[in-house]
Amino acid sequence: MIDPFIASETARRRTFAIISHPDAGKTTLTEKLLLYGGAIGLAGSVTASKRQRDTSSDWMELEKKRGISISSTVLQFDYDGFRLNLLDTPGHKDFSEDTYRVLMAVDAVVMVIDAGKGIETQTRKLFEICRKRGIPIFTFMNKLDRPSRPLLGLMDELEKVLNLKAYPINWPLGNGPDFKGVFDRRLKEVHMFERLGKGAFRAPVSVHGLSDPFVKANLHESVYKEVVEELEILDATQGEFDLKQVLTGKQTPVFFGSAANNFGVELLLKGFLEFSTGPAPRNSLNGLVEVANPAFSAFVFKVQTNMNPMHRDKVVFVRICSGKFMRNITVKHSRTGEDIKLSDSHNIFGRDREIVNEAYPGDIVGFVTKNDLRIGDTITEDPRIVYGEMPTFAPESFAFLENAVTSGYKAFRKGMDHLLAENIVQSFKLKSPKNSMPLLGAVGPLQYEVLQYRLKDEYGAESNLNPMNWKILRWVESHTEAQLLPILPNGAGLALDDQDRLVMLFPTEWSIKYFKEINPTVVLVDSPSIKNYQPI
């Protein structure tokens, strides 16, 4: 049974993430999309809150001090009849697992590339996750207000490094101080920009033909000649724009601009809405779930504690996949079988909240709850709908975290319980050599810095970090602990993850390679198989 009203509401939803290498301008672009979407009146401030020059998405104090995004943030706004759910992700590589989980909850991504640097390491890693899911990718070549690499070379790099067909929707008129606008290749229009207010307001735009005297008068002769030659090369060598290839993640529409100056931001937003589609049916363990299925269903992809430090609350973020959410709805928690009433529901805008009474597939809703909801859990009106678990990735840095002050143990323990529920780091029970303390695993050491900072800032708990020398973790899919203990190599360890799955820890690449050579029957994987729990 299909509900036509749910179908129409879903069709106007767009749920996407912005991904990039650090310093490519991802958070700046996020702000400017909000500016053009009318969600903020001045770039760097939220209309509903004090007009302070803090970015709306980087709300944690540590993020402001470090100048980086270290926590995924959900931002929702309307534009031209569409409801957009924008997820700003961490750019720092140490927080890539948080980004991976966000990519499970979106339908498309905007990939931001610094035109002066090209494709960087973190961009490649995030792109590979998108490729595995077949997520449509929209590329924004940023920072054209600074000297860039050769533009045709950037297109070539996109295609060769990422093995992704690149189709420039528009083309920049110069770069650095000479960057004055972009040429829309489909409409054959030049959009000339005017610098205004250091990017705090929308950039004034005038539209012209490429041969218009106004365009020639505002560009250096050499720049104009180079643009014309590049456009001729693109027309001769580029294939056709193929929307089907875009929607399967095989071709990327490329837009050029400067987020800092608001150049090209609105063209990116309009192009994204034109070429993207609404939420699609989603696979569950029991078959495909249509978005217009009247039964509400959603899965948890993020848990955040202490967004309101005064109340020590926990916010669970879910992606709605089917049906209509209504405040005070009672749903089944598939993992525990419990009935849960969803009453304290919010749209989240950075740190600000707005009560939400209804929502539709594609929407991201935050619930303030004390229920045991974890990342990957399904909540649904139809118990037959159960979505697969979130993928788990192998950490690369390991440590024990100890309480530093005896009198503060209670606060330390409470803080650890809350923060581990967010999956800032993974937790393991060490079997060999045995240790009663949980072993922590992270993608990188900055995650431990955040954990210790938040323990002190939010719970008043001092801690000491004791790094371990393991560098590699693999899940065991073929043997038991008893079978592995006699063949455990020197320096290696055994542990259980939070779902009691057996893992092995190795100090070096050589040690795991040697272990595999002499124990070929032991199957080791860097991401565990998903356990299919039965529908309730």
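Quantities reported herein were computed from a predicted structural model and do not represent experimental measurements.

### A few points about the environment of Ile 348
Part 1: For Ile 348, the position within the fold is in strand S19 (residues 345–349).
Part 2: We classify Ile 348 as buried; its relative accessible area is 5%.
Part 3: Each C-alpha atom of the pair Ile 348 and Phe 367 lies 9.6 Å from the other, and the pair is 19 residues apart in sequence.

### So, the sheet that holds strand S27 (residues 463–467)
Part 1: Taken in spatial order, the 8 strands make up an open sheet running S27-S24-S26-S25-S29-S30-S28-S31, and their pairing is antiparallel. Edge strands, defined here as strands with exactly one partner in the open sheet, are S27 and strand S31 (524–525).
Part 2: Relative to strand S29 (residues 493–496), strand S25 (residues 426–432) runs antiparallel, the two sharing 3 bridges. Bridging from a neighbouring strand, Leu 430 pairs with Ala 495 of S29.

### Some details on the side chain of Ser 432
Part 1: Turning to its location among the elements, Ser 432 is positioned in strand S25.
Part 2: Note on Ser 432: relative accessible area 16%, which makes it buried.
Part 3: Ser 432 has contacts with Leu 485, Leu 488, Ala 492, Gly 493 and Leu 494, leaving out every residue within four places of it along the chain.

### Observations regarding the packing of helix H2 (residues 26–36) against helix H10 (residues 265–275)
Part 1: Running from amino to carboxyl end, H2 crosses H10 at an angle of 75°, the nearest separation of the two axes being 10 Å. Overall, the two elements H2 and H10 adopt an arrangement that is roughly perpendicular. Contact with H2, carried on its side by Leu 29, Lys 32, Leu 33 and Tyr 36, involves Val 265, Glu 266, Leu 268 and Leu 269 of H10 and no other residues of that element.
Part 2: Looking at the contact of H2 with H10 residue by residue, the class counts come to 6 nonpolar, no polar and 2 charged.

### Focus: the nonpolar core
Part 1: Among the nonpolar cores identified, the biggest contains 112 residues, and Leu 29, Leu 158 and Phe 301 are the most heavily contacted of them.
Part 2: If we ignore the near neighbours within four places in the chain, the residues touching Phe 301 are Val 74, Leu 87, Arg 101, Val 102, Ala 105, Phe 317, Val 318, Arg 319, Ile 364, Ile 375 and Met 390.
Part 3: By size, the runner-up hydrophobic cluster in this structure holds 15 residues, among which are Leu 401, Leu 420, Ala 442 and Leu 451.

### Describing the environment of Phe 400
Part 1: Inspection of the secondary structure puts Phe 400 in strand S24 (residues 397–403).
Part 2: Taking relative accessible area as the criterion, Phe 400 reaches 4% and is therefore assigned buried.
Part 3: Between the alpha carbons of Phe 400 and Met 468 there is a distance of 7.5 Å; along the sequence they are 68 residues apart.
Part 4: Residues in contact with Phe 400, not counting those within four places in the same chain, are Leu 430, Asn 435, Met 437, Pro 438, Leu 439, Asn 464, Leu 465, Asn 466 and Met 468.

### A few points about the packing of aromatic side chains
Part 1: Scanning the entire structure with this criterion turns up 14 aromatic pairs.
Part 2: With centroids separated by 5.1 Å and ring planes inclined at 70°, the aromatic side chains of Trp 171 and Phe 256 adopt a geometry described as edge-to-face. A residue pair is termed long-range when its members are at least 10 positions apart, and Trp 171 in strand S7 (residues 170–173) and Phe 256 in strand S11 (residues 251–256) qualify at 85 residues. For the pair Trp 171 and Phe 256, one class covers both residues: buried.
Part 3: Considering the side-chain rings of Phe 193 and Phe 263, the 4.9 Å spacing of their centres and the 20° angle between planes classify their relative orientation as stacked. Taken as a pair, Phe 193 in strand S9 (residues 189–193) and Phe 263 in the loop between S11 and H10 lie far apart in primary sequence, 70 residues in all. Each member of the pair, Phe 193 as well as Phe 263, carries the same accessibility label: buried.
Part 4: For the cation-ring pair, Arg 185 lies above Tyr 167, with the distance from its terminal atom to the ring centre recorded as 4.8 Å.

### Quick notes on the pattern of salt bridges
Part 1: In this structure the tally under the stated criterion is 23 salt bridges.
Part 2: Via salt bridges that share partners, Glu 9, Arg 12, Arg 13 and Asp 363 belong to a single interconnected network.

### Observations concerning a nonpolar patch on the surface
Part 1: Together, Trp 510, Tyr 514 and Ile 518 make up a nonpolar patch on the protein surface, roughly 370 Å² of accessible area in all.
Part 2: Here Tyr 514 shows up in helix H14 (residues 509–518).

### Points about helix H11 (residues 409–420)
Part 1: Spanning 12 residues, H11 covers 16 Å between terminal C-alpha atoms, matching the ideal 16 Å at 1.5 Å per step.
Part 2: Considered for burial, the residues of H11 that qualify are Phe 412, Gly 415, Met 416, Leu 419 and Leu 420. Summarising the axial view, the buried residues of H11 lie within an arc of 115°, below the 170-degree limit, and thus occupy one face.
Part 3: Elements in contact with the buried residues of H11: strand S14 (297–305), S24, S25, strand S26 (438–442), helix H12 (446–459) and S27.

### Topic: helix H8 (residues 221–237)
Think of an α-helix as 3.6 residues a turn; residues three or four steps apart then line up on the same face.
Part 1: The end-to-end C-alpha separation of H8 is 25 Å, in line with the 24 Å expected for 17 residues at 1.5 Å each.
Part 2: Within H8, the full set of buried residues consists of Val 223, Tyr 224, Val 227, Glu 230, Leu 231 and Leu 234. Across the axial projection of H8, the buried residues extend over an arc of 130°, all falling on one side. Pointing more than 90 degrees away from the buried face of H8 are the exposed residues Glu 221, Ser 222, Lys 225, Glu 232, Ala 236 and Thr 237.
Part 3: Against the buried residues of H8 lie helix H6 (151–162), strand S6 (165–168), S7, strand S8 (181–184) and helix H7 (213–218).

Cut-offs used in this document
Residues numbered from 1 in each chain as written. Predicted model: local features only at pLDDT ≥ 70, side-chain atom pairs only at ≥ 80, totals over all residues. Heavy atoms only, no water. Helix = DSSP H or I, 4+ residues; strand = E, 2+ residues; numbered from the N terminus. Buried < 20%, exposed > 50% of the residue type's maximum accessible area, 1.4 Å probe, protein only. Pairing = 2+ DSSP bridges. Contact = heavy atoms within 4.5 Å. Axes fitted to C-alpha atoms, helices over the stretch in contact; angles between N-to-C directions. Parallel < 35°, antiparallel > 145°, perpendicular 65-115°, else oblique. Nonpolar A, V, L, I, M, F, W, Y, C, P; charged D, E, K, R; others polar. Core = buried A, V, L, I, M, F, W, Y, C linked by side-chain atoms within 4.5 Å. Phe/Tyr/Trp six-rings, centres within 6.5 Å; stacked < 30°, edge-to-face > 60°. Lys NZ or Arg CZ within 6 Å of the ring centre and 35° of its normal. Salt bridge = Lys/Arg side-chain N within 4 Å of Asp/Glu carboxyl O. Patch = residues over 30% accessible without salt bridge, like charges linked within 9 Å, V, L, I, M, F, W, Y side chains within 5 Å. Areas by Shrake-Rupley, 256 points an atom, 1.4 Å probe, with all protein chains shown as cover. Expected span 1.5 Å × (residues − 1). Arc of directions from axis to C-beta.

Function cannot be read off these values alone, since they describe shape.
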